[in-house]
Amino acid sequence: MLEIEGLTRRFGAKTAVDAVSLSVPAGQMVGVIGRSGAGKSTMLRMLNRLTDPTEGRIVFDGTDVTALRGRALRDWRMRCAMVFQQFNLVQRLDVLTNVLVGRLNRRPMLSSLLRMFTAEERAMALAALDRFDLAETALQRADTLSGGQQQRVAIARALLQEPSIILADEPIASLDPRNSRIVMEALRGVNREGITVLVNLHDLATARDYCDRIVALNAGRLVFDGPPDDLTAIRIREIYGVSEEEFAAQAAEAVGATPRLAAAVA
Ligand SMILES: Nc1ncnc2c1ncn2[C@@H]1O[C@H](COP(=O)(O)OP(=O)(O)OP(=O)(O)O)[C@@H](O)[C@H]1O
């Protein structure tokens, strides 16, 4: 169970995340939606402790994550793997090595530095690639892959961390609709194996299709938390003051993506 209690982050006078409280049971797939600047990235980054909260607490299975330092903090970062919009692969390295990077913090410093991986780790990495139909690309440079393939490599890398949670920050914003579906299905597949997934999405339709629960932020505040069916067009208008199409267009513009719903109704 991941518990977020009054989580707040201020940057100077700006409150990016404002007293957000949430309890996420293990194994849930949570979609986080909101306009540009709503605080979605900041919230995810706080969960991983890439950004420190100004106030509030994050508790995971009884451990106060907000208080972790040193080795314990590195261990936490292993347990909650991040997936980013731009994939963050090392382009000049081969795909297999990129996946093995997910093991680095799990190993003694010297073998990490020498990038020595065991046969078992290589087998794990190949199996992770194989489940996403990418085993044949293992020895190719990462930059020879399409965006959708690169994002699946990034998810395979996350899996090598053996995480309890995957935090995905706009993982499909740079992808076309077909690759977006493949990547969302990959995330749903790992979620069904018991890994909790929190995914920032600009596209409401995708959030509805794939998530068990939707959390909406507006100006840092939690303005909706419930099952996808409860987030009706009327609720969207109540929360954001615009139609669902306008919301989709604004949110997509912020991440440089094509709004699926807006495109569909245009
Ligand atoms: N390091 C920072 N320094 C100053 N302000 C920041 C910083 N990071 C975020 N902010 C501000 O905090 C607010 C929330 O930003 P955040 O990136 O979390 O929103 P978001 O919902 O993820 O938006 P987007 O979809 O555009 O990425 C914004 O007003 C942003 O400008």
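Residues numbered from 1 in each chain as written. Predicted model: local features only at pLDDT ≥ 70, side-chain atom pairs only at ≥ 80, totals over all residues.

### Concerning the overall build of the chain
Then, in step 1: When helices and strands are counted, the chain shows 11 helices and 10 strands.
Then, in step 2: Relative to the globule expectation of 18 Å for 266 residues, the C-alpha radius of gyration of the chain, 18 Å, shows essentially globular dimensions.
Then, in step 3: Across its three principal axes, the chain shows a C-alpha extent of roughly 55 × 45 × 35 Å.
Then, in step 4: Taking all 266 residues of the chain together, 44% fall into the buried category.
Then, in step 5: The contacts in the chain between residues at least 6 apart in sequence include a share of 69% that link residues at least 24 apart. (Helix = DSSP H or I, 4+ residues; strand = E, 2+ residues; numbered from the N terminus. Rg over C-alpha atoms; globule rule 2.2 N^0.38 Å. Buried ≥ 20, exposed ≤ 12 C-beta atoms within 10 Å, placed from the backbone. Contact = placed C-beta atoms within 7 Å.)

### Considering the site of the ligand
Then, in step 1: Of all residues adjacent to the ligand, which total 13 residues, the nearest are F11, A16, S36, S41 and T42.
Then, in step 2: Within the residue set of the shell around the ligand, elements represented by two or more residues are β2 (14–24), α1 (40–47) and α10 (244–255).
Then, in step 3: Partitioning the shell around the ligand into residue classes produces 5 nonpolar, 6 polar and 2 charged. (Near = placed C-beta within 6 Å. Nonpolar A, V, L, I, M, F, W, Y, C, P; charged D, E, K, R; others polar.)

### A few points about the nonpolar core
Then, in step 1: V99, I155 and I166 are the most contacted members of the largest nonpolar core, which has 80 residues in total.
Then, in step 2: Take this core: its biggest share by element is 7 residues, from helix α6 (residues 147–160).
Then, in step 3: When near neighbours in sequence (up to four residues on either side) are disregarded, I155 contacts V83, F132, A186, L187 and V190. (Core = buried A, V, L, I, M, F, W, Y, C linked by C-beta atoms within 7 Å.)

### Quick word on the sheet that holds strand β9 (residues 213–218)
The pairing of strands in a sheet happens through backbone hydrogen bonds and is either parallel or antiparallel.
Then, in step 1: A sheet is described by the order of its strands in space; here 6 strands give the open sequence β6-β7-β8-β3-β9-β10, paired in mixed fashion. Either end of the sheet is taken by a strand with one partner, and the two such strands are β6 (80–84) and β10 (221–226). Adjacent strand axes in the sheet meet at a mean angle of 15° when their direction is disregarded. (Pairing = 2+ DSSP bridges. Axes fitted to C-alpha atoms, helices over the stretch in contact; angles between N-to-C directions.)

### A short note on helix α5 (residues 119–131)
Then, in step 1: Taking 1.5 Å per residue as the helical rise, α5 with its 13 residues ought to reach 18 Å, and the 18 Å between its terminal C-alpha atoms agrees with that figure.
Then, in step 2: Within the sequence span of α5, burial applies to M124, A125, A128 and L129. Down the axis of α5, the buried side of the element spans an arc of 135°, and every buried residue falls inside it. Exposed residues pointing more than 90 degrees away from the buried face of α5 are listed as A119, E120 and A123. (Expected span 1.5 Å × (residues − 1). Arc of directions from axis to C-beta.)

### Considerations on the packing of α6 against helix α7 (residues 177–192)
Then, in step 1: Taken N-terminus to C-terminus, the directions of α6 and α7 make an angle of 15°; their axes are 9 Å apart at the nearest point. Considering the angle they form, α6 stands roughly parallel to α7. α7 is crossed by α6, and the crossing has right-handed handedness. Contact residues: G147, G148, Q151, R152, I155 and L159 in α6; N179, I182, V183, A186, L187 and V190 in α7.
Then, in step 2: By residue class, the composition of the contact of α6 with α7 is 7 nonpolar, 4 polar and 1 charged. (Parallel < 35°, antiparallel > 145°, perpendicular 65-115°, else oblique. Left-handed = near helix turned anticlockwise from the far one by under 90°.)

### Here we look at the pairing of strand β1 (residues 2–11)
Then, in step 1: As paired elements, β1 and β2 share 7 bridges and run antiparallel to each other. Of the residues in β2, the one forming a bridge with R9 is V17.
Then, in step 2: Relative to strand β4 (residues 55–60), β1 runs antiparallel, the two sharing 5 bridges. Its bridge partner being in β4, L2 is matched across the sheet by F60.

### Here's the deal with the pairing of β10
Then, in step 1: Here β9 runs beside β10; their pairing, made up of 5 bridges, is antiparallel. Note that in β10 the partner of N218 across the bridge is R221.
Then, in step 2: Hairpin geometry of β9 and β10 is characterised by an intervening segment of 2 residues between the two adjacent antiparallel strands and by a positive phi of about 50° at A219.

### A word on the environment of G27
Then, in step 1: Assignment of secondary structure puts G27 in the loop between β2 and β3 (29–33).
Then, in step 2: A sequence separation of 33 residues divides G27 from F60, and the C-alpha atoms of the two residues are 13 Å apart.
Then, in step 3: Beyond its immediate sequence surroundings of up to four residues, G27 is in contact with G194 and T196.

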